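An overview of the molecular structure
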Amino acid sequence: MFKKARYGMDGKRSLTGHFAAAVSLLLLLPSTSVLAQLLGTNLFPSDNPWNQSIANAPVAANSAAVMNNIVAVYGNNRFHPDFGEVTGGSNDLYGVPFNVVHGNTTPKISVVLGIYASQSDPQPCPIPANAVLEGDFQNGPRFGLNARGDSHLLVWDADTNILYEFYRASRPSENADGKWHADSQAVWDLNVNSFRPRGWTSADAAGLPILTGLARPDEVAAGVIRHPLRFTLQNAVILNKYIYPGSHVANPGNNNAAIQPPMGSRFRLKASVNISNMYPQSKIVAQAMKDYGLILADNGSNFYVTGASYSVDANNALTVTWDDDDIQDSVRGLKSLRYADFEMVDLTPIVTGLSTSVGPAGSSLTVIGQNFSGASGNLTVLFGSTPANTVTFVDDGHLLVTVPSGSGAVDVRVRSGIVTPAETQNIKSPIFGYGISEIVPSARFTFGVACPGDLNGDSFVDDSDFVIFAGAYELLDCADASMPVGCPADFNDDGFVDDADFVVFANAYNALTCG
């Protein structure tokens, strides 16, 4: 069951009702949101990797080798939820807390930045007076920076949807100048697709935000987690490269890409793992790891997944926490999972076919495949080397595109990401993104028309084609700037759309179907 607690309380009390029954009902109800949210606000746009389902993504070709290496070196040990229940008193706060503020009314404070200042965003932050740090006690601050470990400070501005994250933060009372200090600061605008400059770290080693990857008890109380979870592996098994959305490396000397995953890699709990008998909270977390997976974010213990030990409301007051009897159980909880229950996935775009293999410039077609989501607005469909005029995302397996100008036969490929200068640490260089699809025979496209008169490439000559032809007929001259690209209604290639072309169109219109 879920539990409530507050700093300074010695006891705990259950939320009203039976959690298991409530979750069973919630899982049967349609969801009103498909994005990760905090207090009703979307965290990143829908096409961001942090909102990307990977349930159907193919297994990476080297997944077995990666997992076999981890198990061979460290054994097939238990998965570990690196967060826990708030029970009150002076116990350790287990997990990464987050602070909710209202930036419109909370004064902003400049933080003195240290070792990673050159890779930081030195912006004043609305730090609340009672800010909670990673490594604090449950009933208040733990003094001494080194006593708190990473001492992350996470501040989310509910008024602006801006996230401030600090690594090794220390309070004014701990510093001779009476100011807040931190080794690094990263500021994330969660309204847009924001990333670190390539090569930069964040408050996390891989250059990722932390808050968006936390398992939070408020999400579990709602019945579903809609984002991947942050996790760590031992330094020795991580490749010294990064993959989108990661941007930073921290594993010098590790260069065996066959058995080592780069920072930012996506893993997931195998679909074959039976979670039906798990306790309620554990089951929801496990399902998220099947649907959205894990993102490799930092060096640490193997398969330690990070969570917030409790959730807060809009006033930064604690609302719900976890049930350790559920999540920490080794038979029906999250600790019942083993390393070998996980696999690494490949999110490189895949093209398997086209809705039509022949068409004129300006016509529409659907590209069919997989892994088209998570591109953060950077999807390009290439006809040979020429990008499509428009690309409309339909779903993870379908893109609607407008055919560009061209001639002959070309290969159609999908590129997910932006082209950048060559970067040795980016495993997909020169693309910052998931990469580009392979050339396949089923994605071969020929410029032209399936038959004379089929101006929209749908294998029929009907009223929709008549509208296109009539517009071109009115313009007459193919050199007219308003003429559709390629002047496809000029069937005899004389530079004009005239009566001779009308005869061709009329005959095709009467036949209706191509072929």
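Quick notes on the rules
- Residues numbered from 1 in each chain as written.
- Predicted model: local features only at pLDDT ≥ 70, side-chain atom pairs only at ≥ 80, totals over all residues.
- Heavy atoms only, no water.
- Pairing = 2+ DSSP bridges.
- Helix = DSSP H or I, 4+ residues; strand = E, 2+ residues; numbered from the N terminus.
- Axes fitted to C-alpha atoms, helices over the stretch in contact; angles between N-to-C directions.
- pLDDT = per-residue confidence, 0-100.
- Contact = heavy atoms within 4.5 Å.
- Phe/Tyr/Trp six-rings, centres within 6.5 Å; stacked < 30°, edge-to-face > 60°.
- Buried < 20%, exposed > 50% of the residue type's maximum accessible area, 1.4 Å probe, protein only.
- Lys NZ or Arg CZ within 6 Å of the ring centre and 35° of its normal.
- Core = buried A, V, L, I, M, F, W, Y, C linked by side-chain atoms within 4.5 Å.
- Disulfide = S-S within 2.5 Å.
- Polar contact = N/O pair within 3.5 Å; in protein donor to acceptor, adjacent residues only side chain to side chain.

The sheet built from 4 strands is open, its strands ordered E21-E23-E27-E26 with antiparallel pairing. The two strands at the open ends of the sheet, each matched to only one other strand, are strand E21 (350–354) and strand E26 (390–395). Going across the sheet, the axis of each strand differs from the next one's by a mean of 30°, ignoring polarity.

Before going further, it helps to spend a moment on the confidence of the model for the protein chain. Per-residue confidence for the protein chain averages 91 on the pLDDT scale, and 93% of its residues sit at or above 70. Contacts for the low-pLDDT stretch residues 4–33, under 50 throughout, to residues beyond four places or in other chains number 47 contacts.

What the rule picks out here adds up to 22 aromatic pairs. On the numbers, 4.8 Å between centres and 90° between planes, the contact of Tyr244 with Tyr434 is edge-to-face. Here Tyr434 lies in strand E29 (residues 431–436) and Tyr244 lies in the loop between strand E13 (239–242) and strand E14 (262–263), a separation of 190 residues in the sequence. In this structure, Tyr244 and Tyr434 share a single accessibility class: buried. Taken together, Phe466, Phe469, Tyr473, Phe491, Phe502, Phe505 and Tyr509 form an aromatic cluster joined through their ring pairs. Above the plane of the ring of Trp188 lies Arg196, whose end atom (NZ or CZ) is 5.9 Å from the centre. Here Arg198 stacks its cationic end above the ring of Phe432, 5.5 Å away from the centre of that ring.

What follows concerns the nonpolar core. Grouped together as the largest cluster of nonpolar side chains are 74 residues, with contacts concentrated most on Leu233, Phe267, Met289, Leu294, Phe303, Leu337 and Phe342. Looking at this core element by element, the count peaks at 5 residues for helix H4 (residues 280–291). Ignoring sequence-local partners within four residues, the contact set of Leu294 consists of Pro228, Leu229, Phe231, Ser265, Arg266, Phe267, Met289, Phe303, Val305 and Phe342. Residues Phe372, Val412, Ala443 and Phe445 belong to the second largest nonpolar core, which totals 19 residues.

This paragraph deals with the sheet that holds strand E5 (residues 80–82). Read across the open sheet, the 6 strands follow the order E5-E17-E12-E16-E15-E20; overall the sheet is mixed. At either margin of the open sheet sits one strand with a lone partner, and together these are E5 and strand E20 (342–344). Neighbour-to-neighbour, the strand axes of the sheet open up by a mean angle of 40°, direction not taken into account. Alignment of strand E12 (residues 229–233) against strand E17 (residues 304–306), held across 2 bridges, turns out to be antiparallel.

So, on to the state of the cysteines. Under the criterion given, the structure shown has 1 disulfide. Between Cys478 and Cys487 runs a disulfide, and the two sulfur atoms are separated by 2.0 Å. Residues Cys478 and Cys487 are joined through a disulfide that is left-handed, its torsion about the S-S bond being -65°. With a relative accessible area of 9%, Cys487 lands in the buried category.

Turning our eyes to something else, we now look at the side chain of Arg268. Position of Arg268 among the secondary structure elements: in strand E15 (residues 266–269). The buried category is assigned to Arg268, whose relative accessible area is 6%. A polar atom in the side chain of Arg268 sits 2.8 Å from the side chain of Glu343.

Within strand E16 (residues 294–299), 5 of the 6 residues are buried, which leaves the element mostly enclosed by the surrounding structure. Sheet analysis places E15 next to E16, joined by 2 bridges and oriented antiparallel. Bridge pairing links Phe267 to Leu294 in E16.

Time to look at unusual backbone geometry. The peptide bond linking Tyr244 to Pro245 adopts the cis configuration, its omega dihedral lying at 5°. The residue Pro245 is located in the loop between E13 and E14 in this model. In this structure, Asn316 takes a positive phi of about 65° despite not being glycine.

Here we take up the pairing of strand E27 (residues 398–402). Here strand E23 (residues 364–370) runs beside E27; their pairing, made up of 5 bridges, is antiparallel. Its bridge partner being in E27, Val367 is matched across the sheet by Leu399. Sheet analysis places E26 next to E27, joined by 5 bridges and oriented antiparallel. Within E27, the residue paired with Val391 across the bridge is Val401. Hairpin remark: E26 followed by E27, antiparallel, with 2 residues in the connecting loop.

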